Amino acid sequence: MFKPISLYIGLRYTRARRSNHFISFIALVSMIGLTLGVAVLITVLSVMNGFDRELKNRVLGMVPQATVSSTQILTDWSTLAKKIEKHEHVTGVAPFTQLQGMLTAQGRVAGIMVSGIEPKYEKNVSIIQNHMVEGSIDQLKKGEFGIVLGKQMTDALGLSLNDSITLVLPEATPSPAGVVPRFKRFKIVGIFSIGAEVDSSLGYIALNDASTLLRLPDGAQGVRMKLDNIFLAPQVANEIVQDLPNGFYASDWTYTHGNLFSAIQMEKAMVSLLLFLIVLVAAFNIVSSLVMVVTDKKSDIAILRTLGASPATITRIFMVQGTVIGVIGTLSGAVLGVISALGISSFIDWLSKLFGWHLFDAYFINYLPSYLRWQDVLLIVGVSLVLSFIATIYPALRAAKIQPAEALRYE
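Residues numbered from 1 in each chain as written. Predicted model: local features only at pLDDT ≥ 70, side-chain atom pairs only at ≥ 80, totals over all residues. Heavy atoms only, no water.

**Some remarks on the overall build of the protein chain**
Applicable threshold: The helix count covers DSSP runs of H or I at least four residues long, the strand count covers runs of E at least two residues long, and both are numbered beginning at the N terminus. Three labels apply to residues, based on accessible area from a 1.4 Å probe with only protein chains included: buried if under 20% of the type maximum, exposed if over 50%, partly exposed otherwise in between. Residues are treated as being in contact if the distance between any of their heavy atoms lies within 4.5 Å.
Counting its regular elements, the protein chain contains 13 helices and 10 strands. Counting every position in the protein chain, which comprises 411 residues, the buried fraction comes to 47%. Of the contacts formed within the protein chain by residues at least 6 apart in sequence, a portion of 81% connects residues at least 24 apart.

Structure representation (structure tokens):
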């Protein structure tokens, strides 16, 4: 005979058709609940991980991770850059000058944050060169007044590569006709597409052209840094400033996008907790089904006891039966969740194109990201299996306490 006997009988009970169909229904509901709970939890966590990754890789790949700026224009910014680059957590540096203004073309107007950059250095701290769809940031040269814009911005203004556009600065300039805003004509020499909000809010011009617009000496307002760990940005920036003379101050991404990152983390935690409760309820439905199975199988238990089965053997029989339900439900949910997590981005994109939806226009990226982390899958599967096993303990112990004489009295 198949050994051990408890495993054999437990698996036999799991496969057997029961006279009480309600018990089978409860067991099926428990299994389906586990499957759906695990699948949804894996899928939603993958989506939240996707938002988290896109914020780090795309948005924080474009905006400064940390900066050191001066109250005075830095005509010798390269000296400061070399000093900053010596820090162990700094992997790249680049000068910058920032100005705010409005772009106007063909009767349309849009606000923009413009950064004056040195293309050679910008490649060390930004991902922009990897997302150019037309032109190049290398075309940003002193005195030529070229500008690189995001695709969302050029599409909104109805422009393309090599078109001209006017940048209007908020600073007013006196003239014989009165006070008028300062403006300058630029040529679009590059278009990038990150797939995030920065496509419609950031622009790049040559560093010296920015100084000319602001009527400052050639130089930079500060130095931007790329770090090996973005979460060390506040600490690194402050450490660098402490070693510099007065007149320097630090900033980092937590000032501009810290709230967004915190919101994603909080939503991830709360959604995970709520979905975990679904798994918990499904797992403990196993208790209900097993309790009814024990009641239904009292005579079988009594016969097994009279044949010499120990209370421990009876306990293991029903623990096997409940565990099988948990294993099947959990593994089915894991497979379904992995498939869903890997395909949900393409599916939602297909639906959006089919029905003309714009579901994510209000977010910092314009599509639904998904990033499957296998450690999350293993954690979810492990917790679900443990809960399923725990749910079998009470019914199994109750079955072991059944006395043969009491169970067979009215048979």
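After that view, the rundown keeps rolling.
**Quick word on the packing of aromatic side chains**
Pairs of aromatic rings are described using the distance from one ring centre to the other and the angle between the two planes. Rule in force here: Note on aromatic pairs: the rings of Phe, Tyr and Trp (six-membered ring only in Trp) are paired at centre separations within 6.5 Å, and the planes decide the class, stacked below 30 degrees, edge-to-face beyond 60, tilted for the rest. We count a charge as sitting over a ring when the NZ of a lysine or the CZ of an arginine lies within 6 Å of the ring centre and within 35 degrees of the ring normal.
If you walk through the whole model with that rule in mind, you get five aromatic pairs. The interplanar angle of 90 degrees and the centroid separation of 5.1 Å between the aromatic rings of Trp-77 and Tyr-121 together place this pair among those described as edge-to-face. On the criterion of sequence distance, the pair formed by Trp-77 in helix H3 (residues 77–85) and Tyr-121 in helix H4 (residues 119–122) is long-range, its members being 44 residues apart. With relative accessibility at 13%, the residue Trp-77 sits in the buried group. On the basis of relative accessibility, which here comes to 27%, the residue Tyr-121 falls in the partly exposed class. Stacked on the ring of Phe-145, the Lys or Arg Lys-184 has its end atom at 4.3 Å from the ring centre.

**Focus: a nonpolar patch on the surface**
The criterion, for reference: To count toward a patch, a residue needs a relative accessible area over 30% and no salt bridge; like charges are then connected within 9 Å, while nonpolar side chains (Val, Leu, Ile, Met, Phe, Trp, Tyr) are connected within 5 Å. The accessible surface values rely on the Shrake-Rupley method and a 1.4 Å probe; as for residues, cover is taken only from the protein chains in view. Salt bridges are defined by distance alone: a side-chain nitrogen of Lys or Arg within 4 Å of a carboxyl oxygen of Asp or Glu.
A cluster of nonpolar side chains, contributed by Phe-284, Val-386, Phe-389, Ile-390, Ile-393 and Leu-397, occupies part of the molecular surface with about 490 Å² of accessible area. Ranked by residue count, the leading element in the nonpolar patch is helix H12 (residues 374–400), at five residues. With respect to the helices and strands, Val-386 occurs in helix H12. In this structure Val-386 comes out as partly exposed when scored by relative accessible area, which is 47%.

**Some remarks on the layout of surface pockets**
What counts, and what does not: Whether a set of points on the 1 Å grid over the protein atoms alone is a cavity depends on a 1.4 Å probe fitting there but being unable to get out, while an open set qualifies as a pocket with protein on both sides within 12 Å along at least five of seven lines; lining residues are those with an atom within 4 Å of a point. Grid points are joined across faces, edges and corners, and a volume is the space filled by probe spheres set on the points. The nonpolar class holds Ala, Val, Leu, Ile, Met, Phe, Trp, Tyr, Cys and Pro. Asp, Glu, Lys and Arg form the charged class, and all remaining residues, Gly among them, are polar.
Looking at the largest pocket, its volume works out to about 430 Å³. Those elements that place two or more of their residues in the lining of the largest pocket are strand S2 (90–105), strand S3 (108–117), strand S8 (202–206), strand S10 (248–252) and helix H8 (253–256). Looking at the lining of the largest pocket residue by residue, the classes come out as 11 nonpolar, seven polar and four charged.

**Things to note about H12**
The test is simple: Here a helix's expected span is defined as the number of its residues, less one, multiplied by 1.5 Å. One fitted axis covers the seven residues ending at a residue, a second covers the seven starting there, and the bend at that residue is the angle between these axes.
Its 27 residues give H12 an end-to-end C-alpha distance of 39 Å, which sits within 8% of 39 Å, the value for a rise of 1.5 Å per residue. Maximal helix bending in H12 amounts to about 30 degrees, located at Ile-393; proline Pro-395 follows within four positions.

**Side note on empty space enclosed by the protein**
In total, this model carries one cavity of 30 Å³ or more according to the counting rule given. Its boundaries defined by the atoms lining it, the largest cavity holds a volume of some 40 Å³. Those elements that place two or more of their residues in the lining of the largest cavity are helix H2 (21–62) and H12. Considering every element that reaches the lining of the largest cavity, the biggest residue donor is H2, with four residues. For the lining of the largest cavity, the residue count by class is five nonpolar, two polar and two charged.

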